Amino acid sequence: MSEKLINKGIRPDGRKLDEIRPLKIKAGVVDRADGSAYVEFGTTKVISAVYGPKKVHPRHMENSKKAILKVRYNMIPFSVYDRKRPGYDKRSVEIAKVVSEALENVIFLEEFPKSAIDIDMEIIQADAGTRVAAITAASVALADAGIPMRGLISSVAAGRVEGNIVLDLTKEEEDASDAIDLPVAMLARTGEITLLQMDGDASVDEIEKIVRMTEKGCKDIEKIQGKALIEKYNANTA
Amino acid sequence: MTAKLTKDYIVNQIKRNIRGDDRKLDEMRELTIERGVSANAEGSARVKLGKTEVIAGIKMDLAEPYPDSQDKGVLTSSAEFLPLAAPEFEAGRPGEVEVELGRVVDRGIREAEVIDFKKLCIVEGEKVWRVFMDIVVINHDGNLMDASGLAAMAAILDAKMPTIDKDYKIDYNKREKPLPLTTIALPITVMKCGNKLIIDTTADEEEAIDTRLTVTTNESGNISSMQKGGPGGFTVEEIVEICKIAGKKTDELIKKHFKSKKN
C-alpha cells in the first residue's frame, strides 16, 4: 500500500473529506414490531426493531419510576468475512451498553413506569461503522414506535486517515496505518453528545477537530432520518 | 445503596465545589502502588486509590499470532468484580460493567502500544508470546476504571518474561527480561455533575452522578482511547476540556509513581 488513499481531498470512493457515505433509511420494515427501521450506511446494512413499552420480564427488573431499556446489538453470523460465532461476545455486550446509555436520557422513560422497551439491532452486512448505523436505525425505530423522545439521535464516526480529518470512514480507510476512528452519537437538535468512543493515537487538537466533524455529519443524518419517518407516515395516509 | 436524600446532598455539594472528603473537584485520592503481590504471576500490582483496591496480574504463554498481525505478540485481558468487593457484586459470567471496564483498560494500553508487540514475536506466523492481563476488583469505592488502568500499567512494568528453551518449553522459574515497553499510558475518568467536572469519584458520588468520559493518555500527551459512559451527554467544549484534564493528571501520575519508558 504505497499509493495514497486520499488525493487532493478526494477519497477512494469519490467522497469529499466531510461527506458521509450514501445513507438510505426506511422506517417501518418489521410488521410485527411496534417500530422498526432499515438502514444502509454505505455497504453496512442494519435492521432495528423496537417492542414496547411492555411488561417487564423478569419482573424484579421493574423500575417503579421509569421504563427500562433493553438493548441488543448482534452481528448475524454471515454478516462478516470470517463467520461470527453466534452468541455472547464481549464486544457486543459493550456496544449494547454504550448504545443504551446514549439513548437513555433522550427517551422520556419516566412516562412509562414499570415497563420495558426492547431495542434490537441486527447487523446484516458489516463494513465499518456498524454501531453508528445501528444507532441511526434504532433512533428511527423508536420514533416509528411512537415513543416520545427529546429528539432524534443521529450517529456517525469521524477520524483521521493519512493526516486528513475525515467523516464516516470505510473499512479501507480504517486500515490506513495512521487511522483513528471516533464514533459519536448526538442529539443533533442540541449538539449534545451521548456516545463517544475512540482508540488510536491522537492529540487533543485532533480530537477536537474530529468531534466537530461528527457534529456536521450528525446534522446531515438527522435530516435523512426525519425524511424517512415522514415518508412512512405519508404512505400510510395516502 | 445511597439514599435519595444523600444523593441530592452530594450533587448540591459538588455544585458548590465541596466533596464529602474535602477534596477539590480535580483532586485524586491518595494513591499507593505495590508491586509483586503474587509470586506466580510474571508481574503483578496492587493499587489503592483511597478505599478502592484493585489487583492486576500478568501471565504469559506461547500462542499463534492473529492472522492479521503475524509478527506481533497477543494481548488478552479480563476484568472481574470479585463478589467480596461490594454487596451488589455476584459471582458468574462478567456483566456489562465488567466487560466495559476490561475492554476500556485493554484498548488504552493496546492502542498506545505500551507493550512493543513486535518484540514478542518468536517465529513469524507461528509462535508469539501471549500476554494475559487480568484485573480483579478487591474493594469498590468508585473510579474502578482509573484504579484498574493504574494497576494494569504497574503490573506490566513489574513483569519479567519467562524463558524458553530450544523446544519452546517455558520455564516460569527463570524469569529474566522485563517486557519490552515503549510508553506508559493511564486512563483518567472525568464525571459530569451539572456544569461541574469532577475526577476520581467515590462509590457514593457515582451513585449520585453517572455521566463520565474516560480518556487514556500516553507519555507524549497523545490520547489512545476514549469512552463515554452513563446516560447524560457532553458538549464538544466539555470533551476538549476533559482531554486536557486527563493529560495533565496522567502527566502528574507518571512523574510521581512511574519511571519513564520513553525510548
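Residues numbered from 1 in each chain as written. Chains lettered and ligands numbered in written order. Predicted model: local features only at pLDDT ≥ 70, side-chain atom pairs only at ≥ 80, totals over all residues. Heavy atoms only, no water.

Draft legend 1. A look at the packing of helix 2 (residues 96-111) of chain B against helix 3 (residues 144-158) of chain B. All names here are of chain B. Put simply, helix 2 and helix 3 touch, their axes get as near as 10 Å, and they point 50 degrees apart. One way to sum up the angle between helix 2 and helix 3 is to call them oblique. Helix 2 and helix 3 meet at a crossing whose hand is right-handed. Facing helix 2, whose interface residues are Leu101, Val104, Val105 and Ile109, helix 3 presents Leu144, Met145, Ser148, Gly149, Ala152, Met153 and Ile156. Tallied by class, the residues present in the contact of helix 2 with helix 3 amount to nine nonpolar, two polar and no charged. (Axes fitted to C-alpha atoms, helices over the stretch in contact; angles between N-to-C directions. Helix = DSSP H or I, 4+ residues; strand = E, 2+ residues; numbered from the N terminus. Parallel < 35°, antiparallel > 145°, perpendicular 65-115°, else oblique. Left-handed = near helix turned anticlockwise from the far one by under 90°. Contact = heavy atoms within 4.5 Å. Nonpolar A, V, L, I, M, F, W, Y, C, P; charged D, E, K, R; others polar.)

Draft legend 2. The pairing of strand 5 (residues 115-125) of chain A, seen in detail. All names here are of chain A. Counting buried positions along strand 5 yields eight of 11 residues, so the element is predominantly enclosed. Here nine bridges tie strand 3 (residues 44-55) to strand 5, and the two strands are oriented antiparallel to one another. Each bridged residue has a counterpart across the sheet, and for lysine 55 the counterpart in strand 5 is serine 115. Pairing between strand 4 (residues 68-75) and strand 5: eight bridges, direction parallel. From the neighbouring strand, lysine 70 faces strand 5, where its bridge partner is aspartate 118. The β-α-β motif built from strand 4, the intervening helix 1 (residues 90-104) and the parallel element strand 5 has left-handed crossover chirality. (Buried < 20%, exposed > 50% of the residue type's maximum accessible area, 1.4 Å probe, protein only. Pairing = 2+ DSSP bridges. Right-handed = clockwise from strand over helix to strand, strands pointing away.)

Draft legend 3. Here's a closer look at the sheet that holds strand 4 of chain A. Residues and elements named next belong to chain A. Read across the sheet, five strands follow the order 1-2-3-5-4 without closing on themselves; strand pairing throughout is mixed. Here the strands that pair on one side only, and so sit at the sheet edges, are strand 1 (23-27) and strand 4. Between one strand and the next, the sheet's axes are offset by a mean angle of 15 degrees, whatever the strand orientation. Where helix 1 meets the sheet, it contacts strand 4 and strand 5, and its direction lies at approximately 140 degrees from that of strand 4. Running at roughly 150 degrees to strand 2 (residues 35-41), helix 2 (residues 130-144) makes contact with strand 1, strand 2, strand 3, strand 4 and strand 5 of the sheet.

Shape descriptors only; they carry no functional weight alone.
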